[in-house]
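Examination of the molecular architecture
What follows is the residue order along each chain.
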Amino acid sequence: MVNHGIPTGVLDNLLRSTREFHEQPKEMRMEFYTRDCTRKVKYYSTGDLYQTKTAQWRDTLSCDFDDTSKIDLGSFPEICRNEIGDYLNRLHGLKNLLAELLSEALGLSSNHLASLECFDIQRLLCHYYPPCPEPDLTIGIMKHSDPYILTILLQDNIGGLQILHKNQWVDVTPVQGSLLVNAGDLLQLITNDHFKSVEHRVVATRAGPRISAACFIYPRNKNQSKPYGPVKELLSDKNPQKYRETSFLDYIHYFGSKGLDGVKALPHFQLISANE
Ligand code: OGA
Ligand code: NI
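Residues numbered from 1 in each chain as written. Chains lettered and ligands numbered in written order. Predicted model: local features only at pLDDT ≥ 70, side-chain atom pairs only at ≥ 80, totals over all residues. Heavy atoms only, no water.

Some points on the sheet that holds strand β5 (residues 150-155)
- Reading across from one edge, β1-β2-β3-β10-β5-β8 is the order of the 6 strands in this open sheet, with antiparallel pairing throughout. For this open sheet the edge positions go to β1 (41-45) and β8 (180-183), each flanked by a neighbour on one side alone. Direction aside, neighbouring strands of the sheet carry axes that sit 20° apart on average.
- Inspection of the sheet shows strand β3 (residues 120-129) paired to strand β10 (residues 210-218) by 9 bridges, in the antiparallel sense. Bridging from a neighbouring strand, D120 pairs with Y218 of β10.
- In this fold helix α1 (residues 8-22) packs onto β1, β2 (59-64), β3, β5 and β10, with an angle of close to 55° to the strand it touches most, β3. (Pairing = 2+ DSSP bridges. Helix = DSSP H or I, 4+ residues; strand = E, 2+ residues; numbered from the N terminus. Axes fitted to C-alpha atoms, helices over the stretch in contact; angles between N-to-C directions. Contact = heavy atoms within 4.5 Å.)

Brief notes about the site of ligand 1
- As a structural note, the neighbourhood of ligand 1 is formed by 14 residues, with H127, Y129, H200, R210 and S212 the closest of them.
- Here an oxygen atom of ligand 1 and a side-chain polar atom of Y129 are 2.7 Å apart.
- For ligand 1, an oxygen atom lies 3.1 Å from a polar atom in the side chain of H144.
- Across the complex, the protein chains shield 96% of the 290 Å² of accessible surface that ligand 1 would expose by itself.
- If you list the elements that add at least two residues to the shell around ligand 1, you get β3, β4 (141-144), β9 (200-202) and β10.
- Within the shell around ligand 1, the residues separate by chemical class into 8 nonpolar, 4 polar and 2 charged. (Near = heavy atom within 4 Å. Polar contact = N/O pair within 3.5 Å; in protein donor to acceptor, adjacent residues only side chain to side chain. Areas by Shrake-Rupley, 256 points an atom, 1.4 Å probe, with all protein chains shown as cover. Nonpolar A, V, L, I, M, F, W, Y, C, P; charged D, E, K, R; others polar.)

Describing the sheet that holds β4
- Judged by pairing direction, the sheet is antiparallel, and its 4 strands sit side by side in the order β4-β9-β6-β7 without closing on themselves. Whereas interior strands pair on both sides, the edge strands pair on one side only; in this sheet they are β4 and β7 (168-171). With strand direction ignored, the average angle separating the axes of adjacent strands in the sheet is 25°.
- As defined by bridge partners, β4 adjoins β9 across 2 bridges and the pair is classed as antiparallel.

Here we look at the environment of I272
- Secondary-structure assignment places I272 in helix α8 (residues 272-275).
- Since its relative accessible area comes to 65%, I272 is described here as exposed.
- Between the C-alpha atoms of I272 and Y243, which are 29 residues apart in sequence, the distance is 8.7 Å. (Buried < 20%, exposed > 50% of the residue type's maximum accessible area, 1.4 Å probe, protein only.)

Some thoughts on the UniProt feature "domain: Fe2OG dioxygenase" (unreviewed entry) in the protein
- Per the UniProt annotation, the sites labelled "domain: Fe2OG dioxygenase" (unreviewed entry) are residues 120-219.
- Taken end to end, residues 120-219 is 6% helix and 45% strand, and its two terminal C-alpha atoms sit 6 Å from one another. (UniProt positions renumbered as here; feature names shortened; annotations may be inferred.)

Section: the packing of aromatic side chains
- Inspection of every chain in the model, using the stated rule, returns 10 aromatic pairs.
- Judged by centre distance (5.3 Å) and plane angle (85°), the ring pair of F21 and Y43 falls under edge-to-face. One end of the pair, F21, is in helix α1; the other, Y43, is in strand β1, with 22 residues separating them in the sequence. You'll find F21 and Y43 in the same group, each marked buried. (Phe/Tyr/Trp six-rings, centres within 6.5 Å; stacked < 30°, edge-to-face > 60°.)

A short note on the side chain of Q224
- Here Q224 shows up in the loop between β10 and β11 (227-228).
- Looking at Q224, its side chain comes within polar contact range of the main-chain oxygen of P219, at 3.0 Å.
- Once residues lying within four places of it in the same chain are set aside, the contact partners of Q224 are Q122, Y218, P219, S247, F248 and L249.

Comments concerning the pairing of strand β6 (residues 161-165)
- Bridge analysis of β6 against β9 gives 3 bridges, and the strand direction is antiparallel. Note that in β9 the partner of Q162 across the bridge is R201.
- The pairing of β6 with β7 spans 4 bridges and is classified as antiparallel. Within β7, the residue paired with L164 across the bridge is W169.

Here it is as structure tokens:
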């Protein structure tokens, strides 16, 4: 997305302050270091290490929000808290606009997707990919699709992000001031395959560090046990229901139990009849 209305300064500040967080002395970062997934603000290296058993060339600061109108900025690292706050404030309107545009693209009324209560800004991952002396031996993020509704991604100008298109890895060349939007698995599920979640990865590079910020849109806590299935208004004899209903928590539980093994989680939720 270009012309998205978020000033370049807000984007640059988020990238700069993310870099500053990750380049602080170890003692400052240790305060946030944890693999306890119940913590709302956490900092960790080589994410997904325990499920996948593959070390990834990346450090991550992860912030969870639930209700973005009631964010406690004080819980975030001081060095980047205002920058995160400014970005989230601006992202709110853009996220609502995306929900409207996607609804219209599906032929639904413009408030339809928002009315499902699954378009909430829930998590921001501020990634730091250190320069890598032997990039062929490792990976920044392994092949995966995001299990959520949407991802809004900001990347700096280093490059390394790739998407899988017709079985080929294609570079997503950085465009200054732009934001990327990825469909996630849950969007694919509720749109009955109209919007397909994109498989992607980040390769390690000698250049860098590379900084990116991935913002995930999915249902907030109070709606995470609610069943979501393909939107009824989209279904017909020609477009029969392909997936069973599942809650966000059940989906994420299955996704997490698999680890980033390069195999999509979504087919597990297909209706048997859709496979015939
Ligand atoms: C992610 C992701 C890509 C990037 O966080 O899920 O795919 O460019 N990030 O950092
Ligand atoms: Ni991703």
